[in-house]
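In case you want the letters, here they are:
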Amino acid sequence: MEVYLSILKYNWGYDSFRGIQADIIRSIGEGRDTLGLMPTGGGKSICFQVPALATYGMCLVITPLISLMRDQVRNLRNRGIKAEAVYSGMSREDIVQVLDNCILGDYKFLYLSPERLTTELFREKLMRMHNVSMIAVDEAHCISQWGYDFRPSYLKIREIRSLLQKDVPILALTATATPRVVDDIQQQLGFRSPNVYKMSFERKNLIYVVRHTENKIGEIVQILKGVPQGSAIVYIRSRQMTHDIARKLNEQGISAECYHAGLSNVERETRQYDWSMGRVRVMVATNAFGMGIDKADVRVVIHYSAPDTLEA
């Protein structure tokens, strides 16, 4: 573990791992397919970033959230670590350039949206990537038809593994999975043997509150003004409503922007950056804006409507 600890200290400034991070890192570092169940904020990204940096080659990171990709790629580059990302909305020329960089250069991380896995261009380039050291699958519950957010494109991950020049280990990570989903994830990803690490989901520093109100906007304003410090996220199901609610919050003197998959790449990147830098306090978003953004001062997360399921 000394090598892993030195990488953690050098790049992130921490002296020790938290929770089950060390167990997961040791497992994937030994080349074993591994599933980690960790709550949001439990440090999932450390579990693949540290062992990838300790190993020759590049880690493929599959995640459905463009906002999380951009956040992690920016943070890695700020630490002098070479990382790239390919996601929907990029031009073919840009995608080709990124993939060629990963074939020819000494990149450590390539972030991909699951939809990219199905393209002929990516598969052609992948077979020329002889330096892939591991595959990390974030939001791994999406691969299971029993999960709350099933995405068929995740089923292609197993095929991608077979296209690689060598058999590399898979690290699957999720913040939510029932026992049935846990078994299904391992089966769908082709785990060579069952291997699960689970962390308690109890968060003593979080408070959950359900409020009944006839005036949701008024309630949101009251909550935000009652917690005057720090940033916030308001989750909405409708894209149009993200615009409406952001406008109403601004009218109440609370700086807000909206975020959803229908915005252009430039709009999403600009809005995420402004929120990350504290220029905007509240992000009003659909679930296209993930919970994995690395921002230390988030004090409130509000669901405008009750989620469909407890896992969601």
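Preceding this paragraph is the structure being described.
Model, not experiment: these values are computed from the prediction.

Criteria and thresholds
- Residues numbered from 1 in each chain as written.
- Predicted model: local features only at pLDDT ≥ 70, side-chain atom pairs only at ≥ 80, totals over all residues.
- Heavy atoms only, no water.
- Core = buried A, V, L, I, M, F, W, Y, C linked by side-chain atoms within 4.5 Å.
- Buried < 20%, exposed > 50% of the residue type's maximum accessible area, 1.4 Å probe, protein only.
- Contact = heavy atoms within 4.5 Å.
- Helix = DSSP H or I, 4+ residues; strand = E, 2+ residues; numbered from the N terminus.
- Pairing = 2+ DSSP bridges.
- Axes fitted to C-alpha atoms, helices over the stretch in contact; angles between N-to-C directions.
- Salt bridge = Lys/Arg side-chain N within 4 Å of Asp/Glu carboxyl O.

Caption draft 1: Layout of the nonpolar core. The biggest cluster of nonpolar side chains holds 63 residues, and the ones touching the most others in it are Phe 48, Phe 109, Leu 110, Tyr 111, Met 129 and Leu 189. Filtering out sequence-adjacent residues up to four positions away, Leu 110 remains in contact with Met 58, Cys 59, Leu 60, Val 61, Glu 84, Ala 85, Val 86, Val 98, Leu 99, Cys 102 and Met 129. Core analysis: the second largest hydrophobic core is formed by 18 residues, Ile 220, Leu 224, Ala 232 and Leu 249 among them.

Caption draft 2: Fine view of helix 9 (residues 216-226). Listed as buried for helix 9 are Ile 217, Glu 219, Ile 220, Val 221, Ile 223 and Leu 224. Elements that come into contact with the buried residues of helix 9 comprise strand 8 (231-235), helix 10 (239-251), strand 10 (282-285) and strand 11 (298-303).

Caption draft 3: Region of interest: the sheet that holds strand 9 (residues 256-259). Strand order in the open sheet formed by four strands is 9-10-8-11, and the pairing between neighbours is parallel. One side of each edge strand has no neighbouring strand; the edge strands of this open sheet are strand 9 and strand 11. When the angles between neighbouring strand axes are averaged without regard to direction, this sheet yields 20°. Bridge count for strand 8 against strand 10 is four bridges, and the pairing is parallel. Across the sheet, the residue bridging to Tyr 235 is Ala 285, located in strand 10. Strands strand 8, strand 10 and strand 11 of the sheet are contacted by helix 9, whose axis makes an angle of about 170° with strand 11.

Caption draft 4: Molecular detail of the pattern of salt bridges. This structure, assessed with the given rule, holds 19 salt bridges. Taking the shortest distance from any N to any O, the salt bridge between Asp 274 and Arg 279 comes out at 3.1 Å. Judged by its relative accessible area of 17%, Asp 274 falls in the buried class. One salt-bridge network, held together by shared partners, links Asp 33, Arg 161, Asp 167 and Arg 192.

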